[in-house]
Amino acid sequence: QRRVYRTTTHVPQELGQIMDSETFEKSRLYQLDKSTFSFWSGLYSEVEGTMILLCGGIPFLWKLSGQISGRAGFGPEYEIVQSLVFLLLATLFSALTGLPWSLYNTFVIEEKHGFNQQTLGFFFKDAIKKFVVTQCILLPVTSLLLYIIKIGGDYFFIYAWLFTLVVSLVLVTIYADYIAPLFDKFIPLPEGELKQQIETMAKSIDFPLTKVYVVEGSKRSSHSNAYFYGFFKNKRIVLFDTLLEDYSALNKEPAEGEDGENEETKSKTKNKKQGCKNEEVLAVLGHELGHWKLGHTVKNIIISQVSYFKLDFFPGASVI
């Protein structure tokens, strides 16, 4: 793929009528930089993991976790408490070692290609918030999982698998309504031509649409996207504001007296209009709805859960 990025310097004939040379070249160079970053960050991750194993990093961290929990009054018999301390330290270590890569990706690569909208202050506030929210979910779920393993007997893996399945489905269900709003602002898409067209498209394929939201993604990046979520007859569609010319904050002058978060992104606002025409928005959304129509989401959930269960039931399968 990287060779294709390097050698394909002209717009392919199939795209000649819909993409100009400047846009194609920008996309090519961006993907080339992303592939370089992916290679080196992936290589570092493999080396780091190997060194942790060879140098006894995991036993060391487990021992350190025991010492910390012991000082808090929890002896060796409190294995779950020690495990949670271990998990907290491990995720903290991972966050710290991954921070330079995240900073480089955001403030060098994304900035170089005109996508980054974050300031350094916003980046760190966001990173801390993500870490805290992740721990608030991860630690209680892990403690329950460890307790199930502890009392589950010979068939603990079945109970553990069922528990993780339920947790996965619950998180998928509540993420957009309760977790995502902690980081981004969601507003209903106002009545108008675009909303009517979206509803018509959804109805044409029997997609049980209930609500359409616009999420303020422009405070982080000028990338655009759309997605849907929800189970059964309660589906919602989310459009990034950067996808919509009329709603993107990048196309508006910041108002005086706005809160500090908007003040931080004020300097990143670009003069160039961003967004798509209605038919282009529908094309992006049509791609996402195509996944639903073909059952890709359900199929992926089934495949992944069967795979997890197989790895639990046949441990040797993980080697294969």
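Small disclaimer: the values here were computed from a predicted structure and weren't measured. (Residues numbered from 1 in each chain as written. Predicted model: local features only at pLDDT ≥ 70, side-chain atom pairs only at ≥ 80, totals over all residues. Heavy atoms only, no water.)

Quick notes on the overall build of the protein
Put simply, the test is: Helix and strand assignments come from DSSP, with helices taken as H or I runs of at least 4 residues and strands as E runs of at least 2, each series counted from the N terminus. The buried label goes to any residue with under 20% of its type's maximum accessible area, the exposed label to any with over 50%, and the partly exposed label to all in between, with areas taken from a 1.4 Å probe on protein chains only. By definition, residues are in contact when any of their heavy atoms lie within 4.5 Å.
A tally of regular secondary structure across the protein gives ten helices and four strands. Reading the protein from its N terminus to its C terminus gives the helix and strand order α-α-α-α-α-α-β-α-β-β-β-α-α-α. With 320 residues in all, the protein has 28% of them scored as buried. Intrachain contacts of the protein at a sequence separation of at least 6 include 67% that bridge at least 24 residues.

Here's the deal with the confidence of the model for the protein
Going by this rule: Across the chain, each position has a pLDDT score giving the predictor's confidence in that residue, from 0 to 100.
For the protein, mean pLDDT is 86; residues scoring 70 or higher make up 88% of the total. Here helix 8 (residues 260–266) is the element of the protein with the lowest mean pLDDT, 48, and helix 4 (residues 79–112) is the one with the highest, 95. Counting contacts from residues 255–261, a segment whose pLDDT is below 50, to residues more than four positions away or on other chains yields four contacts. Scored below 50 in pLDDT, residues 264–271 shows 21 contacts in the model against residues more than four places distant or in partner chains.

What to know about the packing of helix 7 (residues 193–204) against helix 9 (residues 278–293)
The following threshold applies: Axis definition: a line fitted to C-alpha atoms, over the contacting stretch in the case of helices. Angles run 0 to 180 degrees between N-to-C directions. Angle categories: roughly parallel below 35 degrees, roughly antiparallel above 145, roughly perpendicular from 65 to 115, and oblique for all the rest. Handedness of each helix crossing follows the sense of rotation of the near helix against the far helix: counterclockwise by less than a right angle gives left-handed, clockwise gives right-handed.
Put simply, helix 7 and helix 9 touch, their axes get as near as 11 Å, and they point 30° apart. The angle between the axes of helix 7 and helix 9 places the two elements in the roughly parallel class. As helix 7 packs across helix 9, the resulting crossing turns out to be right-handed. For the pair helix 7 and helix 9, contact is made by E193, L194, Q197, I198 and M201 and by N278, V281, L282, L285, G286 and L289, respectively.

Observations regarding the pattern of salt bridges
Keep this limit in mind: Salt bridges are identified by distance alone: a Lys or Arg side-chain nitrogen within 4 Å of an Asp or Glu carboxyl oxygen.
For the coordinates displayed, the defined rule picks out nine salt bridges. Residue D33 is joined to K112 by a salt bridge in which the shortest nitrogen-to-oxygen separation is 2.9 Å. Residue D33 is found in helix 2 (residues 21–54), and its partner K112 is found in helix 4; the two are separated by 79 residues along the sequence. A single network of salt bridges, built from pairs that share partners, joins D126, K130, D184 and R220.

Some details on helix 6 (residues 156–179)
Let me state the cut-off plainly: For a helix, the expected span equals 1.5 Å multiplied by the residue count minus one. To get the bend at any residue, fit one axis to the seven residues that end at it and another to the seven that begin at it, then take the angle between the two axes.
The end-to-end C-alpha distance of helix 6 is 30 Å, clearly below the 34 Å that 24 residues give at a rise of 1.5 Å each. Roughly 40° is the biggest bend found in helix 6, and it falls at T173. What helix 6 keeps buried is the set F157, A160, W161, F163, L165, V167, A176 and I179.

Observations concerning the environment of K150
Looking at the element boundaries, K150 is found in helix 5 (residues 120–151). Assessed through its relative accessible area of 52%, K150 is described here as exposed. For the pair formed by K150 and E79, sequence separation is 71 residues and the distance between their alpha carbons is 9.8 Å.

Points about the sheet that holds strand 2 (residues 209–215)
Test applied: Strand pairing is assigned whenever DSSP detects at least two bridges linking the two strands.
The four strands are arranged 1-2-4-3 in an open sheet whose pairing can be described as mixed. Both outer strands of the open sheet, strand 1 (186–188) and strand 3 (226–229), are each paired with one neighbouring strand and no more. With direction set aside, neighbouring strand axes in the sheet form an average angle of 30°. Note that strand 1 and strand 2 share three bridges and pair antiparallel. From the neighbouring strand, I187 faces strand 2, where its bridge partner is V214. Relative to the sheet, helix 7 contacts strand 2 and strand 4 (235–240), its axis offset from that of strand 2 by approximately 135°. Lying on the sheet, helix 9 is in contact with strand 3 and strand 4; it crosses strand 3 at an angle near 35°.

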